[in-house]
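Examining the three-dimensional arrangement
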Amino acid sequence: MKTILDSCRKGIPVGVPDVIDMHGHIGRFRFAIPDLSVGSLVRVMDRLGVRSIVCSSIQCLSYNQRDGNRQVLAAMREFPGRILGYLSIWPWDARTMSDEIRFGVRNGFTGFKLYNAIGFPYSHQSYTQVYEAANEHRMPILFHTWGEPETFSTIKTLARQYEDAFFILGHSGAVNPDAYIDAASNVPNIYLETCFSRAPVGLLEKLVAGAGVEKIVWGSDAYFYSQTQQMGRIAGARLSEDAKSKIL
């Protein structure tokens, strides 16, 4: 039987139906990216056998998120079903927040992307509208996380309050993997996302053993990381083919 790892080694699609990359970006950042076109990202997806990628604009790292959201919408329209959208939100005034959330829901964005490194914690009161909208529409929120205890505490509290939203912890296990496992194991609507620039031996196996494979989703962080390398982390893990397929 041809395995996922065999396919990756041969450079052919992995053959798993409905592979979804839950953490992607489009746009320009402060380091060189050889080909910024969305088409180049889709071509890599074709090589790997990835059906869809959920993207936010790299402008999610700056105040210019509204323009970035419109770049994402253009990509969604250029590649329908292949590029899906996370709406990036900055803590603007209440009216601007409301208008931007309506823009995202009206135009078919899949969920929200929040990034605490811009200087606002996830407990900031401006984000309440995001959590309420995600809860109302049963949407996921992808959080940038890096093992901070205060972030885990905040997200666990929010997830218990907004039970119909889905809380995805980006870069799970990058720092303090036990805290990620605790969050996903004890709160039903918290999920772990896998992207990480390094590939520590046994990390994915630890997350699966601790939280359960049904609580793990695959993400690449493309363009920041290579989607091929992040697929390789799943393919080369000491997990069953069924577990790898479920993650992907």
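Quick note: structure is the one above.
In this text the structure is predicted, and so the values were computed from the model without any measurement.

Regarding the pairing of strand 3 (residues 83-88)
Counting buried positions over the six residues of strand 3 gives five, a clear majority of the element. For strand 3 and strand 4 (residues 111-114), the ladder comprises three bridges, and the chain directions are parallel. Within the sheet, the bridge partner assigned to Ser-88 lies in strand 4 and is Lys-113. Handedness of the β-α-β unit built from strand 3, helix 4 (residues 94-106) and strand 4 comes out right-handed.

A few points about the sheet that holds strand 3
Read from one edge to the other, the open sheet built from eight strands follows the order 1-2-3-4-5-6-7-8, with strand pairing classed as parallel. A single partner strand is all that each edge strand has here, and the edge strands are strand 1 (20-26) and strand 8 (216-217). With three bridges connecting them, strand 4 and strand 5 (residues 140-144) associate as parallel partners. Each bridged residue has a counterpart across the sheet, and for Phe-112 the counterpart in strand 5 is Ile-141. Contacts from helix 7 (residues 177-186) reach strand 6 (166-170) and strand 7 (190-193), with the element oriented near 145° to strand 7.

As for the packing of helix 4 against helix 5 (residues 128-137)
Between helix 4 and helix 5, whose axes approach to 10 Å, the crossing angle comes to 25°. In terms of their interaxial angle, helix 4 and helix 5 are classed as roughly parallel. For the element pair helix 4 and helix 5, the recorded crossing hand is right-handed. On helix 5, the residues that touch Ala-94, Met-97, Ser-98, Ile-101 and Val-105 of helix 4 are Gln-129, Val-130, Ala-133 and His-137. Across the contact of helix 4 with helix 5, the residue classes tally to six nonpolar, three polar and no charged.

Let's talk about the pairing of strand 1
Taken across its seven residues, strand 1 has six buried, putting it largely inside the fold. One ladder, built from five bridges, connects strand 1 with strand 2 (residues 52-57); its direction is parallel. Each residue of the ladder has a partner; that of Gly-24, found in strand 2, is Cys-55. You can see the chain leave strand 1, run along helix 2 (residues 38-48) and come back into strand 2, and the turn it takes is right-handed.

Looking at the side chain of Thr-145
Turning to its location among the elements, Thr-145 is positioned in the loop between strand 5 and helix 6 (149-161). A polar contact of 2.5 Å, which involves the side chain of Thr-145, links it to the backbone oxygen of Gly-170. The residues touching Thr-145, leaving out its near neighbours within four places in the chain, are Thr-151, Ile-155, Leu-169, Gly-170, His-171 and Tyr-180.

Concerning helix 7
Among the residues of helix 7, Ala-179, Tyr-180, Ile-181, Ala-183 and Ala-184 are the ones counted as buried. Of the surrounding secondary structure, the elements contacted by the buried residues of helix 7 are helix 6, strand 6, strand 7 and helix 8 (203-211).

The rules behind each value
Residues numbered from 1 in each chain as written. Predicted model: local features only at pLDDT ≥ 70, side-chain atom pairs only at ≥ 80, totals over all residues. Heavy atoms only, no water. Buried < 20%, exposed > 50% of the residue type's maximum accessible area, 1.4 Å probe, protein only. Helix = DSSP H or I, 4+ residues; strand = E, 2+ residues; numbered from the N terminus. Pairing = 2+ DSSP bridges. Right-handed = clockwise from strand over helix to strand, strands pointing away. Contact = heavy atoms within 4.5 Å. Axes fitted to C-alpha atoms, helices over the stretch in contact; angles between N-to-C directions. Parallel < 35°, antiparallel > 145°, perpendicular 65-115°, else oblique. Left-handed = near helix turned anticlockwise from the far one by under 90°. Nonpolar A, V, L, I, M, F, W, Y, C, P; charged D, E, K, R; others polar. Polar contact = N/O pair within 3.5 Å; in protein donor to acceptor, adjacent residues only side chain to side chain.

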